[in-house]
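Each chain, letter by letter, is given below.
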Amino acid sequence: MSTPILATKLYIPPPRPGVVPRPRLINRLNAGLAMGGKLTLISASAGFGKTTLVGEWLAHCGRLVAWLSLDEGDRDPIRSIAYLIAALQTIQAGFGEGLLAVLQSPQPPQAEAILTALLNEIATISDNFILVLDDYHVIDSQPVDQLLTFLIEHQPPQMHLVIATREDPSLPLSRLRARGQLTELRAADLRFTPAEAAEFLNLMMGLNLSVEDIAALETRTEGWIAGLQLAALSMQGREDVAGFIQAFTGSHRFVLDYLVEEVLQHQPEPIRSFLLQTAILDRFCASLCNVVTEREDGKEILAILERSNLFLIPLDDRRQWYRYHHLFADVLRAHLMEAQPDRVATLHQWASAWYEQNGFPPDAIRHALVAGDFEHAAGLIELAWSAMDLSYQSSTWLGWVKALPDVLIHVRPVLGVGYAWALLDGGELEASESRLQDAERLLDTPTDTMVIVDKAQFRSLPASIATARAYRSLALGNVADAVKYAQQALELTPGDDQARYIQATSLLGIAQYSSGDLEAAEHSLTDFHTHLRQTGETATLISITFLLADIRAALGRLHEAESIYQQSLLLATGQGGLVPLGTADLYRGLAELSLERSDLKAAAQHLLTSQKLSEQTTMTDWPHRLCVSQARLKEAQGDLDGALALLDEAERVTIRTPLPDVRPIAALKVRVWLKQGRLAEALGWAREQELSVDDIIGYTREFEYITLARIRIAAGKSDREAGSLDEAIRLLGRLLQAAETGGRLGSVIQILLLQALTFQAQDNLPHALAALERALALAEPEGYVRIFVDEGEAMRLLLEKQSRHRDHPLSGYVDKLLAAFTQPAAAPTSASSQQKPDMMEPLSERELEVLKLLRSDLSGPEIAQQLIVSLNTLRTHTKNIFNKLGVNNRRTAVRRAEELDLF
């Protein structure tokens, strides 16, 4: 019986208009062709643009092309050979006519004989050509696989085979790969890059999305092209696009319909059931799947899913842990809820039990909470507190405990005190006290309903409550109460509770710091540091190093500060495996010291390392410190707008902690304003703070009063008759005396420099040079540089006058300082230099830097990382750029900037 040929199966899809060009993939396909490989395999799930890519490639590859779109009917070997011949006839008329006649005979010969004849006839085709087999996954036929294997092994050199499929074919791929005869493109290659996603959404779909929206959508779809397309269709005509993107999941109607129709309904029942039941898991291995599905074939099913490209993503090289593509997982969960709503809680309970038995408490807790098994979850959460507190994961823990019914927490004193500590870590000082009082009541009058799971923590509960109150008192600025509670905690701490002893001792040291007794604080914390080293408490040692180094820097002992950073860094990097959480602070501290020595390159590198390490840290007060250090670098680089943006970000992420806020962000911003000439705003700050030159000045407010002195100097320069310079001299004199008494050499040097500048403004050069000479003598041994440079042109002029005394022993140091002034006044490049006639407002230096990166293929998060800023800060810059350029998306911003010649 003859095989009728359906001509549409041989139709080569033409390049579609409005398709995102993909030169990086075309180049790979061309490279495989040029190297003489036999086979190109494009294997990925539905919706990754396989056919579209092949069509685009073939339109320009310069070779003859035979195309065959396969369907289920092609599982028959004879029919499949007939269609192969028909496809080849599209590039050579009359090809295989004799073979077709043989195939249609009542008793056709063996397939191998027919294939041999087919190969011989292919060898007569004079031109190089490409044979494409599209949708090969529909061929679930061993005879056809064997036929194709034979064809590939004896393939004539002028032929190149291309297979596009949703799952890997049963062909000798390993052998072809080893021989260099295989080119492969898989889901990871096919997914859209951020730049491709932006082009697709804004240019092809006409959506004018912001950089942030595109980044969010690309993350949610994981570059899955069909997912982006479905999202784009859904967004047409919507006003709240950002809200839609935030809510976009696999349960969205278009995504749901697509994946159900294209993927889920084509799976056999055992696979579909496995997919639905394991969809509750964020990650899974075969053993876990067996428990959740009540089967024993998890390993085999996972192998099938991976081979079938069923949106399964391996999480390790050993192929033990996997997850589903996020949107696919959402679809599966939605279907599970619809098909088996009563079974979901049980599945989560089974998962929780497996995680608990296998040593994964966080996963066990999460699944217990989702299952609504709060009693069990409360016990797990109580047991997890101690380890998570020590590893700075209290914010995660707090999220768990807040999910519990309050009635369960009220009868669990250990859980309640942990709750109080987690609230303290998050800056919720008021809420923490009520939890401490609840626990105290239970300790004073125990009830039959009281539940204690972690008995070891229960022994130390009174000491823990006292320590928590010491912490809270410090954060509220009550040093006296902090000392009282810390001493009480030491008395109550059981002899073998090292962690509690460490907490109480360090809080005593911080209390000394807060009271301005830096020498005593440095002594206490040095002893404590030494004790931690001897007892091997490396993680705690590393996490408090920055505190000890900050105190030494305030005392003017920069070399010692650097030394302790380096020593702790050696410990941190010598641990093997993941570096301890506090390591990011070590690099941040080194950056601060490099800044003081005006080594901006080293400072930038340290901050970059610090930021990368910070991705693994969960310390709640860390983002604030990083932003402040980054702001200082930007200020030193002359990017004052960038510095202010970072300080705004620091302000946003600040939480209350026991550490004294000796450099308030508001005062730091005032210093930048003064450099920008914004005296009125600086004066406004001083009025709001009700600061007066005659106030009683404590250590914790020293920085603010030095800032007030700067304001008075700036005011005096603009109005010599107002008496502001005299006020500044009076205030600086009092500040100097206090700093000298406290041994704070760093403050002493800074105050002397301000005195010098004030005398200079009063045309009192002898007094100015005397103050400067004293500052130089104190600063030279420790290598201070930036403290001089930051004072700008007036300081440079004063140093030049000092440098005329060539026989002075500090002349070499003065020369070094003068060399650090890269340009007069160290003023930032004015934004006005970027003024364009067509722009209402010029871009700042920082905005120009961001704009250049927006022109690249980098995603928003990647740009933020390169600029060492948070994503929120980047969004602020981007919004400003768009406003100034009068555009609303990244692409048009770049185009507009090119028109204005801003690059």
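Please read all numbers here as calculations on a predicted model, not as lab measurements.

## Description of the overall build of the chain
The secondary structure content of the chain amounts to 48 helices and seven strands. C-alpha extents for the chain along the principal axes are approximately 115 × 80 × 50 Å. For the chain, with 903 residues in total, the buried portion stands at 54%. Summarising the internal contacts of the chain: among those between residues at least 6 apart in sequence, 68% fall at separations of at least 24. Taking the 84 positively charged and 114 negatively charged side chains of the chain as two groups, their mean positions are separated by 3 Å.

## Points about the pairing of strand S5 (residues 182-186)
A large share of S5 lies buried, amounting to four of its five residues. Where strand S1 (residues 39-43) lies against S5, five bridges are found, and the strand directions are parallel. Among the inter-strand pairings, Leu 39 is bridged to a residue of S5, identified as Leu 182.

## Quick look at the environment of Ala 345
Note on placement: Ala 345 falls in helix H18 (residues 344-357). For Ala 345, a relative accessible area of 33% gives the class partly exposed. With 26 residues separating them in the primary sequence, Ala 345 and Ala 371 have C-alpha atoms 4.4 Å apart.

## Re unusual backbone geometry
Here the phi dihedral of Glu 690 falls at roughly 55 degrees; this positive angle occurs in a residue that is not glycine. As for its position among the elements, Glu 690 is in the loop between helix H37 (679-689) and helix H38 (702-718). Assessed through its relative accessible area of 67%, Glu 690 is described here as exposed.

## A word on helix H31 (residues 558-573)
At 3.6 residues per turn, the α-helix brings residues three or four places apart onto the same side. An ideal rise of 1.5 Å per residue puts 22 Å on 16 residues; H31 measures up with 22 Å between its terminal C-alpha atoms. Those residues of H31 that sit buried are Leu 558, Ala 561, Ile 564, Tyr 565, Ser 568, Leu 569 and Ala 572. Angularly, the buried residues of H31 cover 140 degrees about the axis, an arc narrow enough to put them on a single face. Where H31 is buried, its residues meet helix H29 (518-535), helix H30 (538-554) and helix H32 (583-596).

## A short note on the side chain of Thr 878
Among the structural elements, Thr 878 can be located in helix H47 (residues 871-885). Apart from residues lying up to four places away in sequence, Thr 878 is in contact with Val 211, Glu 212, Val 850 and Leu 854.

## Here we look at the confidence of the model for the chain
Residues at a pLDDT of 70 or more form 93% of the chain, whose mean pLDDT is 87. Considering only residues more than four positions removed or in separate chains, one finds that residues 823-837, a stretch of pLDDT under 50, has 22 contacts.

## A few points about the sheet that holds S1
Consider a sheet: its strands pair through backbone hydrogen bonds, and that pairing is either parallel or antiparallel. Taken together, the five strands give an open sheet; going across it, the order is S2-S3-S4-S1-S5, and neighbouring strands pair in parallel fashion. Strands at the two margins of the open sheet, each flanked by one partner only, are strand S2 (64-69) and S5. Sheet twist, expressed as the mean angle between neighbouring strand axes with direction ignored, is 15 degrees. Against the sheet, helix H3 (residues 77-89) engages S2 and strand S3 (129-134), with an angle of about 145 degrees to S2.

## Side note on the pattern of salt bridges
One pass over the full model with this rule turns up 55 salt bridges. One salt bridge in this structure joins Lys 402 and Glu 428, with 3.4 Å as the shortest N-O distance. Taken together, the residues span a long stretch of sequence, with Lys 402 in helix H21 (residues 394-402) and Glu 428 in the loop between helix H23 (413-425) and helix H24 (429-444) at a distance of 26 residues. A residue is classified by how much of its surface remains accessible, and Lys 402, at 44% relative accessible area, is partly exposed. Here Glu 522 makes a salt bridge to Arg 557, at a shortest N to O gap of 3.1 Å. Of this pair, Glu 522 sits in helix H29 while Arg 557 is found in the loop between H30 and H31, placing the two residues 35 residues apart along the sequence. Glu 522 gets classed as buried once you look at its relative accessible area, which sits at 9%. Look at the salt bridges and you will find they share partners, linking Asp 282, Arg 283, Asp 330, Arg 333, Asp 363 and Arg 366 into a network.

## As for the packing of aromatic side chains
Using the criterion set out here, one finds 15 aromatic pairs in the structure. When the ring of Trp 321 is compared with that of Trp 354, the centres are 6.0 Å apart and the planes differ by 70 degrees; the resulting orientation is edge-to-face. Taken together, the residues Trp 321 in the loop between strand S6 (312-314) and strand S7 (322-324) and Trp 354 in helix H18 connect sequence positions 33 residues apart. We classify Trp 354 as buried; its relative accessible area is 7%.

## Details of the nonpolar core
Formed by 233 residues in total, the largest nonpolar core has its most connected members in Leu 305, Tyr 324, Ile 381, Trp 397, Leu 772, Phe 788 and Leu 799. Per-element accounting of this core gives the leading share, 10 residues, to helix H40 (residues 745-761). Residues in contact with Phe 788, not counting those within four places in the same chain, are Leu 753, Leu 772, Ala 775, Leu 776, Ala 779, Met 795, Leu 799, Tyr 813, Leu 817 and Phe 821. Ranked by size, the runner-up nonpolar core spans 44 residues in total, among them Leu 68, Tyr 83, Phe 129 and Ile 163.

## Thoughts on helix H44 (residues 811-820)
The set of residues buried in H44 consists of Ser 811, Tyr 813, Val 814, Leu 817, Leu 818 and Ala 820. Close packing links the buried residues of H44 with helix H41 (765-779), helix H42 (786-789) and helix H43 (793-803).

## Comments concerning the packing of H29 against H31
In the contact formed by H29 and H31, the axes pass within 13 Å of each other and the chain directions differ by 20 degrees. For the element pair H29 / H31, the angle class is roughly parallel. Helix-helix and strand crossings are classified by hand; for H29 and H31 the assignment is left-handed. In this structure, H29 uses Glu 522, His 529 and Arg 533 to contact H31, whose residues at the interface are Glu 560, Ile 564, Gln 567, Ser 568 and Leu 571. Split by residue class, the contact of H29 with H31 holds two nonpolar, three polar and three charged.

The rules behind these values
- Residues numbered from 1 in each chain as written.
- Predicted model: local features only at pLDDT ≥ 70, side-chain atom pairs only at ≥ 80, totals over all residues.
- Heavy atoms only, no water.
- Helix = DSSP H or I, 4+ residues; strand = E, 2+ residues; numbered from the N terminus.
- Buried < 20%, exposed > 50% of the residue type's maximum accessible area, 1.4 Å probe, protein only.
- Contact = heavy atoms within 4.5 Å.
- Lys, Arg positive; Asp, Glu negative; His and termini not counted.
- Charge placed at Lys NZ, Arg CZ, Asp CG, Glu CD.
- Pairing = 2+ DSSP bridges.
- Expected span 1.5 Å × (residues − 1).
- Arc of directions from axis to C-beta.
- pLDDT = per-residue confidence, 0-100.
- Axes fitted to C-alpha atoms, helices over the stretch in contact; angles between N-to-C directions.
- Salt bridge = Lys/Arg side-chain N within 4 Å of Asp/Glu carboxyl O.
- Phe/Tyr/Trp six-rings, centres within 6.5 Å; stacked < 30°, edge-to-face > 60°.
- Core = buried A, V, L, I, M, F, W, Y, C linked by side-chain atoms within 4.5 Å.
- Parallel < 35°, antiparallel > 145°, perpendicular 65-115°, else oblique.
- Left-handed = near helix turned anticlockwise from the far one by under 90°.
- Nonpolar A, V, L, I, M, F, W, Y, C, P; charged D, E, K, R; others polar.

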